[in-house]
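Descriptive analysis of the structure
Read off the chains here:
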Amino acid sequence: MQEKIRQLLKDFVAIPSISCTREEIKAAEFVQDYFADLPYFREYPEHFGLYNIPDDPYDRKVPYAFLKGNSDNTVVLMGHFDVVSVEDYGEAIPLAFSMGKELEDALSKKIMPPEARKDMESGEFEWGRGVMDMKAGVVVFMALMEDYAKQAQAGTLPGNIVFLGVPDEESYSAGMRAGVTVLSEFKDRYGLRLNLMIDGEPCPEAKDGEMILTIGSIGKILPVVMVQGVTAHSGNRFNGITPLSILTRMEQKTDESLIFMNSYKGDASMPPSWLNLRDMKRGYDVSIPFRAYGYLTVLSFTDTPDQIMAELKRIANESFEEAVDALDRMYQQFKKANVYQLKDKMYYEPLVLSIDELVEKLKGEKGAEFDAFYERARSKAESKVLSGELNYPDATVTLMEDLLNYADIKQPLVLIGFAPPYYPAINSDLMPGHEGCGEKLFEEIAGFMKDQFGRGLAMQYYSPGVSDMSYSGLDHEFDTGAYSKNTPIWGKTYSIDFKSLANLNMPCIILGPIGKDAHQWTERLLKKSVYEEAPAVNKFIIDKYMAESL
Ligand SMILES: [Zn+2]
């Protein structure tokens, strides 16, 4: 098994399947070819294949394989095979995908952080792009599938196993979002009881060589805020109001605040960050900008899109009123010094709209004419996304601007929507019908690791970087329409199959081999963990939950 895993890993790493490239197709075919050679899949060719991701700009595919056993208990094994780019390997770039001595020699010549140097000298690690994040996890599952396929063919497999390999995890999770539909169809067709999904992402190492088990994943949403002011010549600036005064207040009230922080058993979600903030003037002139926008990433454990929208609208209203008040206070002072100022007061009625509200308003006013306009605008933005000309946030900004131009509202306003991607938060302990199962799994895995390998285990409720685990089920109910209706690019190029997601409702854990420094040139994988511990502990858990429910 060890030699098989090593050779498979080396061959798999050699495919430079950088996220959002066509090389991801080759990695999918590598997995498919492996299963094609197994006698079980020659006997049941309908149990494996490549699922084409609909409307994917790179024509990427999701390889899947299904082993049918003697009960409805089912374990899902999932992993991504895309990797991040390799610029940071410097001179060693040409070797980044060649696991082995030549790459290690090249890396050794560099100035290394002390811990990496120590690990290099120990000889206990494999090096290279994608070894730990996360081709190792995928390969461990493939090797285990080969063994279980023999049992399935002999009619002795106690339950079912579904394997899913996914592209695009490092970008927008197109692979796992398509995987949700594949899994849901399998579930319904074969009447599967989905006990558990294991994500083979690497397990981080805590103090004293402890391994960290993760039983959930943080949620992430990307609200986009567009503010329209009233433009004016800066020589007569009290004829207008700058959108920047409203938008920057919103930025300060969120970027420097714990409003969106959720906490859970000693863990807390990171406060939001604005990823950009800018006015929309195309060139230089002496006018106050007409519009400005920004988008922020909001991380959470429990907040739902409708709650986040409501909170942002409240903050927008407050910012609007404060900006107008501040402008008026300044104007009243200025008036005392400048006799040409004839206005009594500076005042603008606050107007804050979600995209859903604006769309409904325009539909009500213009009916079919608006529908036709919006359909055209959306399909134009979609084709720009598909051609790579616009990313999702920029396409969302474009559509928001199109909507405001069409609406032609002659007063300042704030418009709030969402841009992809969206990752719902998930915590196996909270999964309806499986409450507390994360802690139960922790106890079992901790016992096994201690007995078999003398390795300690620590637990983390939420993976702090987003992950594909977000698409294993919904651990709390929310109005999914509140997301889709406020996401103008929702549809052809980006969607989440919420119905299937609720149908899956699987607890999930991350149980891949131990690795260090994901996304860095010092990315490395602990040999003992990938060749011995990860296969053994995964087999232990798969054996258990393909025989009984969790
Ligand atoms: Zn990963």
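Preceding block: the structure.
Read on for a plain summary of the structure. (Residues numbered from 1 in each chain as written. Predicted model: local features only at pLDDT ≥ 70, side-chain atom pairs only at ≥ 80, totals over all residues. Heavy atoms only, no water.)

**Some points on the coordination of the zinc ion**
The cut-off we apply is this: Nitrogen, oxygen and sulfur within 2.8 Å of a metal are treated as its donors, or within 3.2 Å for sodium, potassium and calcium (Na, K, Ca); water is not counted, so a site can appear incomplete. The rule is simple: four donors are tetrahedral if all their angles sit between 85 and 135 degrees, four are square planar and six octahedral if opposite donors span more than 155 degrees and the others lie between 65 and 115, and anything that fits none of that is irregular. For helices the rule is a DSSP run of H or I covering at least 4 residues; for strands it is a run of E covering at least 2, with both sets numbered from the N terminus onward. Buried, partly exposed and exposed residues are distinguished by accessible area as a fraction of the type maximum, computed with a 1.4 Å probe on protein chains only: under 20%, between the cut-offs, and over 50%, respectively.
Ligation of the zinc ion by protein atoms is provided by His-80 (NE2), Asp-133 (OD), Glu-201 (OE) and Glu-201 (OE), these donors lying 1.8 to 2.6 Å from the ion. For the zinc ion, the 4 donor atoms in the first shell make angles of 54 to 151° at the metal, so the coordination geometry reads as irregular. Expressed as a motif, the donor residue spacing for the zinc ion is H-x52-D-x67-E. One end of the pair, His-80, is in strand E3 (residues 73–80); the other, Asp-133, is in helix H6 (residues 131–154), with 53 residues separating them in the sequence. Of the two residues, His-80 and Asp-133, both sit in the buried class.

**Let's talk about helix H4 (residues 101–108)**
The criterion, for reference: Working definition: the arc comes from the directions between the helix axis and the C-beta atoms, pointing outward to the latter. Whether two residues are in contact is decided by their heavy atoms, any of which lying within 4.5 Å being enough.
Of the positions making up H4, those classed as buried are Leu-103, Glu-104, Ala-106 and Leu-107. Take H4 and look down its axis: the buried residues cluster within an arc of 160°, on one side only. Of the residues in H4, the exposed ones pointing more than 90 degrees away from the buried face are Lys-101 and Glu-102. Packed against the buried residues of H4 are helix H5 (114–122) and strand E4 (125–127).

**Description of the sheet that holds E4**
Defined as follows: A pair of strands is treated as paired once DSSP finds two or more bridges between them. Each axis is a line fitted through C-alpha atoms, and for a helix only the stretch in contact is used; angles between axes span 0 to 180 degrees, taken between their N-to-C directions.
Read across the sheet, 3 strands follow the order E4-E20-E19 without closing on themselves; strand pairing throughout is antiparallel. Edge strands, defined here as strands with exactly one partner in the open sheet, are E4 and strand E19 (515–516). Together, E4, E19 and strand E20 (524–526) form the strand contacts of H6, whose direction differs from that of E20 by roughly 45°. Strands E4 and E20 of the sheet are contacted by helix H16 (residues 527–545), whose axis makes an angle of about 45° with E20.

**What to know about the environment of Gln-32**
Checked against the element boundaries, Gln-32 lands in helix H2 (residues 23–36). Linking Gln-32 and Met-120, residues 88 residues apart in sequence, is a C-alpha distance of 33 Å.

**A short note on the sheet that holds strand E14 (residues 352–354)**
Here we have 5 strands laid out as an open sheet, ordered E12-E13-E9-E15-E14, and mixed in their pairing. Edge positions in the sheet fall to strand E12 (273–279) and E14, since each of these pairs with one other strand and no more. Across this sheet, the average inter-strand angle for adjacent strands is 20°, counted without regard to direction. In the packing of helix H8 (residues 243–255) onto the sheet, the strands contacted are strand E9 (219–228), E12, strand E13 (291–300) and strand E15 (413–423), and the crossing angle to E12 comes to about 175°. Along the sheet face, helix H12 (residues 392–407) touches E9, E13 and E15 and points at about 150° away from the line of E15.

**Some details on the packing of aromatic side chains**
Centre-to-centre distance and the angle between the planes together describe a pair of aromatic rings. Quick note on the threshold: Ring geometry is summarised as follows: Phe, Tyr and Trp rings, the Trp one being its six-membered ring, pair when their centres sit within 6.5 Å, and such pairs are stacked at plane angles under 30 degrees, edge-to-face over 60 and tilted between the two. Only Lys NZ and Arg CZ are tested; either one counts as a charge over a ring when it is within 6 Å of the ring centre and within 35 degrees of the ring normal.
Inspection of the entire model under this criterion finds 33 aromatic pairs. An angle of 10° between the planes, with centres 4.8 Å apart, marks the rings of Phe-12 and Phe-30 as stacked. You can see Phe-12 sitting in helix H1 (residues 2–13) and its partner Phe-30 sitting in helix H2, a full 18 residues away along the chain. By the burial criterion, Phe-12 is buried, and Phe-30 matches it. Here the aromatic residues Tyr-172, Tyr-392, Phe-418, Tyr-422, Phe-478, Tyr-483, Trp-490, Tyr-494 and Phe-498 are joined through ring pairs into a cluster of three or more. Above the face of the Trp-521 ring, Lys-110 is positioned so that its terminal group lies 5.6 Å from the ring centre. The ring of Phe-12 has Lys-135 sitting right over it, with the charged end atom 5.3 Å from the ring centre.

**Observations regarding the packing of H8 against helix H9 (residues 305–337)**
Filter applied, for reference: Under this scheme an angle from 65 to 115 degrees is roughly perpendicular, one under 35 degrees roughly parallel, and one over 145 degrees roughly antiparallel; angles in between are oblique. Crossings are assigned a handedness: left-handed for a near helix turned anticlockwise from the far helix by less than a right angle, right-handed for a clockwise turn. Gly is placed with the polar residues, together with every amino acid not listed as nonpolar (Ala, Val, Leu, Ile, Met, Phe, Trp, Tyr, Cys and Pro) or charged (Asp, Glu, Lys and Arg).
Interaxial distance between H8 and H9 falls to 8 Å at its minimum, and their mutual angle equals 130°. In this view, H8 runs oblique relative to H9, as classed from their interaxial angle. Judged by the twist between their axes, the crossing of H8 over H9 is right-handed. Residues Ser-245, Ile-246, Arg-249, Met-250, Lys-253 and Thr-254 of H8 touch H9, and the partners they reach there are Leu-312, Ile-315, Ala-316, Glu-318, Ser-319, Phe-320, Glu-322, Ala-323 and Ala-326. A breakdown of the residues in the contact of H8 with H9 according to their chemical character gives 8 nonpolar, 3 polar and 4 charged.

**Re the environment of Asn-503**
Quick note on the threshold: What qualifies as a polar contact is a pair of N or O atoms within 3.5 Å, subject to a donor-acceptor requirement within protein and to the restriction that residues adjacent in sequence count only when both atoms come from side chains.
Of note, Asn-503 is situated in helix H15 (residues 498–504). By relative accessible area, Asn-503 is classed as partly exposed at 24%. Put simply, Asn-503 and Ser-184 are 319 residues apart on the chain and 6.5 Å apart in space, counted from C-alpha to C-alpha. There is a polar contact of 2.8 Å between the side chain of Asn-503 and the side chain of Ser-184.

**Some details on the pattern of salt bridges**
It is possible for side chains bearing opposite charge to pair when their charged atoms get close. Filter applied, for reference: Put simply, a salt bridge is a Lys or Arg side-chain nitrogen that is within 4 Å of an Asp or Glu carboxyl oxygen.
If you walk through the whole model with that rule in mind, you get 36 salt bridges. Between Arg-60 and Glu-24 there is a salt bridge, with its nearest N and O atoms 2.9 Å apart. Here the residue Arg-60 occupies a position in the loop between strand E1 (48–52) and strand E2 (61–67), and Glu-24 occupies one in helix H2, the gap between them amounting to 36 residues. Pair check on accessibility: Arg-60 and Glu-24 agree, each one buried. Note that Lys-516 is salt-bridged to Asp-119, the shortest N-O span being 2.8 Å. Separated by 397 residues along the polypeptide, Lys-516 in strand E19 and Asp-119 in helix H5 bring together distant segments of the chain. The exposure classification of Lys-516 matches that of Asp-119, with both residues buried. Each of Glu-115, Asp-119, Glu-205, Arg-455, Lys-516, Asp-517, Arg-524 and Glu-533 takes part in a single network of salt bridges with overlapping partners.

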